[in-house]
Amino acid sequence: MKLVKQYLFSIGLVASNFMLSTNANTKGESVKKNIEKKLPNILFCIADDASFAHYSAAGCKWVKTPGFDRVANEGLFFANAYTPNAKSAPSRACLLTGRNSWQLEEAGNHIGNWPDQKYQTFMETLVKHDFFVGITGKGWAPGNPGMLNGAVRKLTGQEYSTKKMVPPTKMMGSIDYLANFANFLKDKPADKPFCFWYGSLEPHRAYEYGSGGKKGGGKLSDIDKVPNFWPDNDTVRNDMLDYAYEIEYQDGHLVKMLNLLAEKGELENTIVIVTSDNGMPFPRSKGLQYEYSNHMPLAIMWPKGIKNSGRIIADYVSFIDIAPTILDAAGVEWRSSGMEPTAGKSLTDIFENKKIHDRSSILLGQERHDVGRPNNQGFPIRSIIKDGFLYSYNFKPELWPVGNPETGYLNTDGSPTKSFILNMRREGVDKGYWNLCFGKHAQEEMYQISVDKECLVNLTDKTEYQKQKEMMKKLLFEELKKQKDPRVLGNGNVFDNYPFADSKSTNFYERYMNGETDLKFKTNWANSTDYESGVINP
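Residues numbered from 1 in each chain as written. Predicted model: local features only at pLDDT ≥ 70, side-chain atom pairs only at ≥ 80, totals over all residues. Heavy atoms only, no water.

A. Looking closely at the overall build of the chain. Per the secondary structure count, the chain includes 16 helices and 19 strands. For the chain, the C-alpha radius of gyration of 22 Å lies close to 24 Å, the compact-globule estimate for 538 residues. The principal-axis extents of the C-alpha atoms in the chain amount to approximately 65 × 55 × 50 Å. Counting all 538 residues of the chain, 63% fall into the buried class. Long-range pairs, those at least 24 residues apart, make up 75% of the contacts in the chain with a sequence separation of at least 6. Taken as a whole, the chain presents about 19,800 Å² of accessible surface, with 50% of it coming from carbon and sulfur. Taking the average location of the 66 positive side-chain charges in the chain and that of its 64 negative ones, the two points are 3 Å from each other. (Helix = DSSP H or I, 4+ residues; strand = E, 2+ residues; numbered from the N terminus. Rg over C-alpha atoms; globule rule 2.2 N^0.38 Å. Buried < 20%, exposed > 50% of the residue type's maximum accessible area, 1.4 Å probe, protein only. Contact = heavy atoms within 4.5 Å. Areas by Shrake-Rupley, 256 points an atom, 1.4 Å probe, with all protein chains shown as cover. Lys, Arg positive; Asp, Glu negative; His and termini not counted. Charge placed at Lys NZ, Arg CZ, Asp CG, Glu CD.)

B. Up close: the packing of aromatic side chains. Enumeration over the complete set of coordinates arrives at 29 aromatic pairs. Consider the rings of Tyr-409 and Phe-438, whose centres lie 4.8 Å apart with planes at 45°: the pair is tilted. One end of the pair, Tyr-409, is in the loop between strand S18 (389-394) and helix H12 (416-426); the other, Phe-438, is in helix H13 (residues 432-438), and 29 residues separate them in sequence. Here Tyr-409 and Phe-438 have matching classes, each one buried. A cation sits over an aromatic face here: Arg-205 above Phe-282, 4.4 Å from the ring centre. (Phe/Tyr/Trp six-rings, centres within 6.5 Å; stacked < 30°, edge-to-face > 60°. Lys NZ or Arg CZ within 6 Å of the ring centre and 35° of its normal.)

C. Spotlight on the side chain of Ser-318. Here Ser-318 is to be found in strand S15 (residues 317-318). When its relative accessible area of 6% is taken as the criterion, Ser-318 is described as buried. If we ignore the near neighbours within four places in the chain, the residues touching Ser-318 are Tyr-82, Pro-84 and Ile-362.

D. Here's a closer look at the pairing of S18. Burial of S18 is extensive: six of the six residues sit out of reach of the surface. Neither face of S18 is exposed, since Phe-389, Tyr-391 and Tyr-393 on one face and Leu-390, Ser-392 and Asn-394 on the opposite face are all buried. The pairing of strand S17 (residues 381-386) with S18 spans six bridges and is classified as antiparallel. Paired with Ser-383 across the strands is Ser-392, a residue of S18. (Pairing = 2+ DSSP bridges.)

E. Structural detail: helix H10 (residues 322-329). Among the eight residues of H10, eight are classified as buried, and the element is accordingly described as predominantly covered. Three or more residues of H10 are buried, namely Ile-322, Ala-323, Pro-324, Thr-325, Ile-326, Leu-327, Asp-328 and Ala-329. Positive phi appears at Gly-331, one or two residues downstream of H10, with a value of about 80°.

F. Broad picture of the confidence of the model for the chain. The predicted model of the chain averages 94 in pLDDT, with 93% of residues at 70 or higher. When the criterion is pLDDT under 50, residues 1-22 qualifies, and its contacts beyond four places in sequence or with other chains add up to 56 contacts. (pLDDT = per-residue confidence, 0-100.)

G. Main features of the sheet that holds strand S12 (residues 295-296). One open sheet accounts for three strands, arranged S12-S3-S15; its pairing is mixed. Taken across any chain shown, the strands that pair with only one partner, and hence form the sheet edges, are S12 and S15.

H. Structural context of the nonpolar core. Ranked by internal contacts, the top residues of the largest apolar core, which has 74 residues, are Phe-181 and Trp-230. Counting residues per element, this core draws most heavily on helix H8 (residues 234-263), which supplies 13 residues. The residues touching Phe-181, leaving out its near neighbours within four places in the chain, are Leu-43, Phe-194, Phe-196, Met-257, Leu-260 and Leu-261. (Core = buried A, V, L, I, M, F, W, Y, C linked by side-chain atoms within 4.5 Å.)

I. Representation of the pattern of salt bridges within the structure. Tallied over the full model, the rule gives 31 salt bridges. Ionic pairing is found between Lys-192 and Asp-130, a salt bridge with its closest N-O pair at 3.3 Å. Separated by 62 residues along the polypeptide, Lys-192 in the loop between helix H6 (177-187) and strand S10 (194-199) and Asp-130 in the loop between helix H5 (122-128) and strand S5 (132-137) bring together distant segments of the chain. Its salt-bridge partner being Asp-413, residue Lys-286 comes within 3.0 Å of it at the nearest N-O pair. Taken together, the residues span a long stretch of sequence, with Lys-286 in the loop between strand S11 (270-276) and helix H9 (291-294) and Asp-413 in the loop between S18 and H12 at a distance of 127 residues. As far as burial versus exposure is concerned, Lys-286 and Asp-413 are alike and both buried. Overlapping salt bridges bring together Asp-48, Arg-92, Lys-138 and Asp-277 as one network. (Salt bridge = Lys/Arg side-chain N within 4 Å of Asp/Glu carboxyl O.)

J. Main features of the sheet that holds S17. Taking strand neighbours across the sheet as the criterion, the four strands line up as S16-S17-S18-S19 in an open arrangement whose pairing is antiparallel. The open sheet has two free edges, formed respectively by strand S16 (361-366) and strand S19 (444-447), since each of these has just one partner strand. Along the sheet, successive strands turn relative to each other by an average axial angle of 15°, direction set aside. As paired strands, S16 and S17 are joined by six bridges and run antiparallel to one another. For Leu-363, the partnering residue across the bridge sits in S17 and is Ile-384. Across the face of the sheet, helix H14 (residues 466-482) comes into contact with S16, S17, S18 and S19 while running at roughly 120° to S17. (Axes fitted to C-alpha atoms, helices over the stretch in contact; angles between N-to-C directions.)

K. Looking closely at H14. For H14, with 17 residues, the first-to-last C-alpha span of 24 Å sits near the 24 Å given by 1.5 Å per residue. Of the residues making up H14, those classed as buried are Gln-468, Lys-469, Met-472, Leu-475, Leu-476, Phe-477, Glu-479 and Leu-480. Among the structural elements, S16, S17, S18 and S19 are those in contact with the buried residues of H14. Two residues or fewer after H14 comes Lys-484, characterised by a positive phi angle close to 55°. (Expected span 1.5 Å × (residues − 1).)

L. Geometry of the environment of Ser-419. Tracing the sequence through the fold places Ser-419 in helix H12. You can call Ser-419 buried: its relative accessible area is 18%. Counting along the chain gives 108 residues from Ser-419 to Asn-527, while the straight-line C-alpha distance between them is 8.4 Å. Sequence-distant contacts of Ser-419, defined by excluding residues within four places in its chain, comprise Asn-527 and Asp-530.

Next comes the structure, spelled out in structure tokens:
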């Protein structure tokens, strides 16, 4: 409860100046001393599709996350952490490289190819600096990591996923994350620090419908509020409980990993980072650019290296700050690391409780995610968050944000919630929810996310907000130009022309419209019933 109360007090309290750093090599003095004494271990834990709001440390009453809460209470809870790109592969690429997705060529797309011999990851860097590095579960995916020295490139280290178990539901992954972590620790040489990536497959869809109640013990009445962009009914609430149950399952393995480290005497000098890659797999969340899409849970503990634990950090933090933080704490200078330049800022000054960097704004952006638009197009967006506002510029508002209706709105995963909203429109019951979740977007959007977390009131045409909007737009495009974003430099179509890692995805829209209708049974992240049979007017 301590963190919840602090969080509620600290919402919206961010610094007022903006500065984009070009390197990340500032350390606190005690961090330097710690490194000289003994390098820390690193346990990096990432959920698959979980929004910030659904962790008990953030005040959620219907999702129980004691593992995350422990890390937050014994370390730092970041109240304003964001992924630049709310889709698995590009989000994870940002984490691994310290670069925004528009700076990563093909790796900035979903289901892409990692650029050959480019963009060394922090995991690869730690291997070169004598860390023992491994992974269980999902690393950078989906996509093709390419080859390095005649073998498949290990962007996240040596795989440890052979140990299996029978999960609580038939839709959860069968990887025994804890057992694989234990095997990794057994293999670790005694004289080496480690970096381990725990990439759970949960709460990614699909779910066993009703499992959150029947097996997780949740009640529909536990959910205090259904977002206003979905209908509030038993179907949606059951879907939310199933999602909650998967988060709790993922968190349960974290609890056991923390206990294992404590038993081995390793927890004191282990940096534990817990987060998610993008927002919940529901309509108007994952794959878009709103609070529920990009606002991520983030807690970090390091008993030996963090001063005044239990703090709430209200500064804006980006996923591109994670790699600089890890290398900084590991004593690796960014400039000589072999990694590409970063706009990220090491968080070690926050660890020291001596803030150095300005963190008053962050940038977001996306290009091509899942298939389903003509000419292999994505839905390009760039955004900035500052002063409690989110400003977004949609470069192609004529396109469907989550994919064309006739090809199933494929950038929104299939779900009971999605099906219910689609059927409401089809049956003439209500079109409002469909407009919010699947309809087209205006070119400019601005929301006061400090009070409008559901991003429902677009302020761009409000006279009293014009100065704020123009300031944010100017700053956004200035920073994108500094980062040489192809989209703002006139070469944005390069993202649509990059090949898919899976050739079967190429020209999906044209092939489906030209008669390959069986394709809708092969997009297994959506339901075949998501595909519309007729023309839909926006």
